[in-house]
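Observations on the model geometry
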Amino acid sequence: MEWITVLNYPIYLAIFICIYGCLAIGLNIQWGYAGLFNAGVAGFFAIGAYTSAILTSPWAEGRLGGFDLPFPVGLVGAMLLAGLLAWPIGKICLRFQSDYLAIVTIGVAEGIRLVARSEEWLTNSARGITAIPRPFGDLPYGQAQMVYLGITALILLVAYVLVERQAVSPWGRMMRAIRDNESAARAMGKDVPYRRLEAFILGSALMGLAGALYVHLARTITPDAIDPMLVTFLVWIMVILGGSGNNRGVLLGAIIVWIIWSTSEIITDQLPSEYALKAKYGRMFLIGLLLQLVLRFRPAGLLPERLRKEPRDRERPVDEDSAAASATGKIAN
């Protein structure tokens, strides 16, 4: 089937877009809804990746593993462990805010990466974990890629629908109230630290899920794959470019940024070797320039966060006491 061979690269590109879509939605929960500046995306991605690799890979001497469990168990385990570890990390780190939170989460991610690089009994250190199974991996390569694309697209769709439903629920409105005016939310009796921790755990679980999807695509995981520039920096650009607070916007950002990143790599690889290495830095310049242009002309992103509109029958003028009571009721919800 030659047409499958022709589609190999677009399918591979689409799978990565789905994986980065999960990462972007996870970060959007933390930053777009709760205002948490998490710069340690790579750390939770690594937790999910190594968890699924350990649970599903065959036995290997000298390291933890050999459970050889099914693919869905690896995904669930990755989400659970990423969420569980996010709880103590969040309890400590979320005491800091804005730039200080970013600095602390960067340190946490680097600590996780150093553990992956040095603890041979757990991660096989720099050699990493190999022979990770992929669903329907016994099919021919092209067909297996198409099936895996369907799986990742379905997982992304489910994640998008569930998070979108949360965003329009009272929980989502409460998180935006905490993000926009934390003092007012505290005054209305909201447990702000608990709610921020909720958003941190939920976003981290999705990041762990993305890590699990990655390892079953690559069938191997090494510490080099946990590159903060690829896993943290690019995801932040996707969220800012697409429009934080809008899940459709961050998915659009994931599509645009990853297509530019991937196609530019193909172009630079065609250059002579003496220019190819230098040209790779131009990819970062291109992504940075795109981000600057968007911030200059569309500061809220390509698809900004949509403000919830009131029904027409509730838009009629009211007296000041009624307006105050209505606003209080919205925050309380």
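Everything numeric in this text was worked out from a predicted model, so none of it was measured.

Quick look at the overall build of the protein now. Summing up its helical and strand segments, the protein has 14 helices and 0 strands in all. Seen in sequence order, the protein has helices and strands lined up from the N terminus as α-α-α-α-α-α-α-α-α-α-α-α-α-α. A buried classification covers 45% of the 333 residues belonging to the protein.

Between helix α2 (residues 8-33) and helix α7 (residues 141-167), the least distance of the axes is 9 Å, while the angle of their chain directions is 20 degrees. When the axes of α2 and α7 are compared, the pair comes out roughly parallel. α2 and α7 meet at a crossing whose hand is left-handed. Facing α2, whose interface residues are Asn8, Ile11, Tyr12, Ala14, Ile15, Cys18, Gly21, Cys22, Ile25, Ile29 and Tyr33, α7 presents Tyr141, Gly142, Gln145, Met146, Tyr148, Leu149, Thr152, Ala153, Leu156, Tyr160, Val163 and Ala167. Partitioning the contact of α2 with α7 into residue classes produces 18 nonpolar, 5 polar and no charged.

Moving on, we get to the packing of aromatic side chains. In the structure shown here, the tally under the stated rule is 10 aromatic pairs. Aromatic side chains Phe16 and Trp258 sit 5.2 Å apart centroid to centroid with 20 degrees between the ring planes, which places their arrangement in the stacked category. Taken together, the positions of Phe16 in helix α2 and Trp258 in helix α12 (residues 247-269) put the pair 242 residues apart, joining distant regions of the chain. An angle of 25 degrees between the planes, with centres 4.7 Å apart, marks the rings of Tyr20 and Trp258 as stacked. Here the residue Tyr20 occupies a position in helix α2, and Trp258 occupies one in helix α12, the gap between them amounting to 238 residues. Sitting over the ring of Tyr148, Arg134 keeps its end group 5.7 Å from the ring centre.

It is worth spelling out the side chain of Ser262 at this point. Within the fold, Ser262 resides in helix α12. Not counting residues up to four positions away in its chain, the partners in contact with Ser262 are Tyr9 and Leu13.

This part covers the environment of Trp171. Topologically, Trp171 is positioned in helix α8 (residues 170-180). Excluding residues within four positions of it along the chain, Trp171 makes contact with Ile29, Gln166, Arg195, Glu198, Ala199 and Leu202.

Let's shift gears to the confidence of the model for the protein. Taken residue by residue, the protein gives an average pLDDT of 87. The fraction at 70 or more is 89%. Here residues 310-333 is modelled with pLDDT under 50, and outside its nearest four sequence neighbours on either side it reaches 12 contacts, counting other chains as well.

Here we take up the nonpolar core. Grouped burial of nonpolar side chains is what soluble globular proteins tend to show. The biggest cluster of nonpolar side chains holds 86 residues, and the ones touching the most others in it are Leu23, Ile25, Met175, Leu213, Tyr214, Ile221 and Trp258. Ranked by residue count, the leading element in this core is α2, at 15 residues. In contact with Ile25, not counting residues within four places along its chain, are Leu156, Tyr160, Val163, Leu206, Asn247, Val250 and Leu251.

The next point concerns α12. Between the first and last C-alpha of α12 there are 33 Å, a value that for 23 residues agrees with the 33 Å anticipated at 1.5 Å per step. Taken together, the buried positions of α12 are Asn247, Gly249, Val250, Leu251, Gly253, Ala254, Val257, Trp258, Trp261, Ser262, Ser264 and Thr268. The distance from a side-chain oxygen at the start of α12 to the backbone nitrogen of Arg248 is 3.1 Å, and the residue carrying that oxygen is Asn246.

Right, let's talk about the pattern of salt bridges for a bit. Within the structure shown, the criterion is met by 8 salt bridges. For Arg117, the salt bridge goes to Asp224, with nearest N and O atoms at 3.4 Å. Of the two residues, Arg117 sits in helix α5 (residues 98-118) while Asp224 sits in the loop between α10 (192-218) and α11 (228-242), which places them 107 residues apart along the sequence. The exposure class of Asp224 is exposed, given its relative accessible area of 60%.

Before going further, it helps to spend a moment on the state of the cysteines. Per the stated rule, a full pass over the model turns up 0 disulfides. Considering cysteine sulfurs only, Cys22 is the nearest to Cys18, which forms no disulfide, with 7.4 Å between them.

Despite not being glycine, Asp68 shows a phi value in the positive range, around 55 degrees. By the element assignment, Asp68 lies in the loop between α3 (41-56) and α4 (71-93). With a relative accessible area of 53%, Asp68 lands in the exposed category. A positive phi angle, close to 60 degrees, is found at Ala131, a residue other than glycine.

Here we take up the environment of Ile129. Among the secondary structure elements, Ile129 is positioned in the loop between α6 (120-123) and α7. Residues Ile129 and Ala60, 69 residues apart in the sequence, show an inter-C-alpha distance of 9.0 Å. What Ile129 contacts, discounting residues up to four positions off in sequence, is Tyr50, Ala53, Ile54, Ser57, Arg63, Leu122, Thr123, Arg219, Thr220 and Ile221.

This paragraph deals with the environment of Ile221. Looking at where Ile221 falls in the secondary structure, it is placed in the loop between α10 and α11. Each C-alpha atom of the pair Ile221 and Tyr50 lies 7.2 Å from the other, and the pair is 171 residues apart in sequence. Non-local contacts of Ile221, meaning those with residues more than four positions away in its chain, are made with Ala49, Tyr50, Ala53, Gly128, Ile129, Ile132, Tyr214 and Val215.

Reading the values: the criteria
Residues numbered from 1 in each chain as written. Predicted model: local features only at pLDDT ≥ 70, side-chain atom pairs only at ≥ 80, totals over all residues. Heavy atoms only, no water. Helix = DSSP H or I, 4+ residues; strand = E, 2+ residues; numbered from the N terminus. Buried < 20%, exposed > 50% of the residue type's maximum accessible area, 1.4 Å probe, protein only. Axes fitted to C-alpha atoms, helices over the stretch in contact; angles between N-to-C directions. Parallel < 35°, antiparallel > 145°, perpendicular 65-115°, else oblique. Left-handed = near helix turned anticlockwise from the far one by under 90°. Contact = heavy atoms within 4.5 Å. Nonpolar A, V, L, I, M, F, W, Y, C, P; charged D, E, K, R; others polar. Phe/Tyr/Trp six-rings, centres within 6.5 Å; stacked < 30°, edge-to-face > 60°. Lys NZ or Arg CZ within 6 Å of the ring centre and 35° of its normal. pLDDT = per-residue confidence, 0-100. Core = buried A, V, L, I, M, F, W, Y, C linked by side-chain atoms within 4.5 Å. Expected span 1.5 Å × (residues − 1). Polar contact = N/O pair within 3.5 Å; in protein donor to acceptor, adjacent residues only side chain to side chain. Salt bridge = Lys/Arg side-chain N within 4 Å of Asp/Glu carboxyl O. Disulfide = S-S within 2.5 Å.

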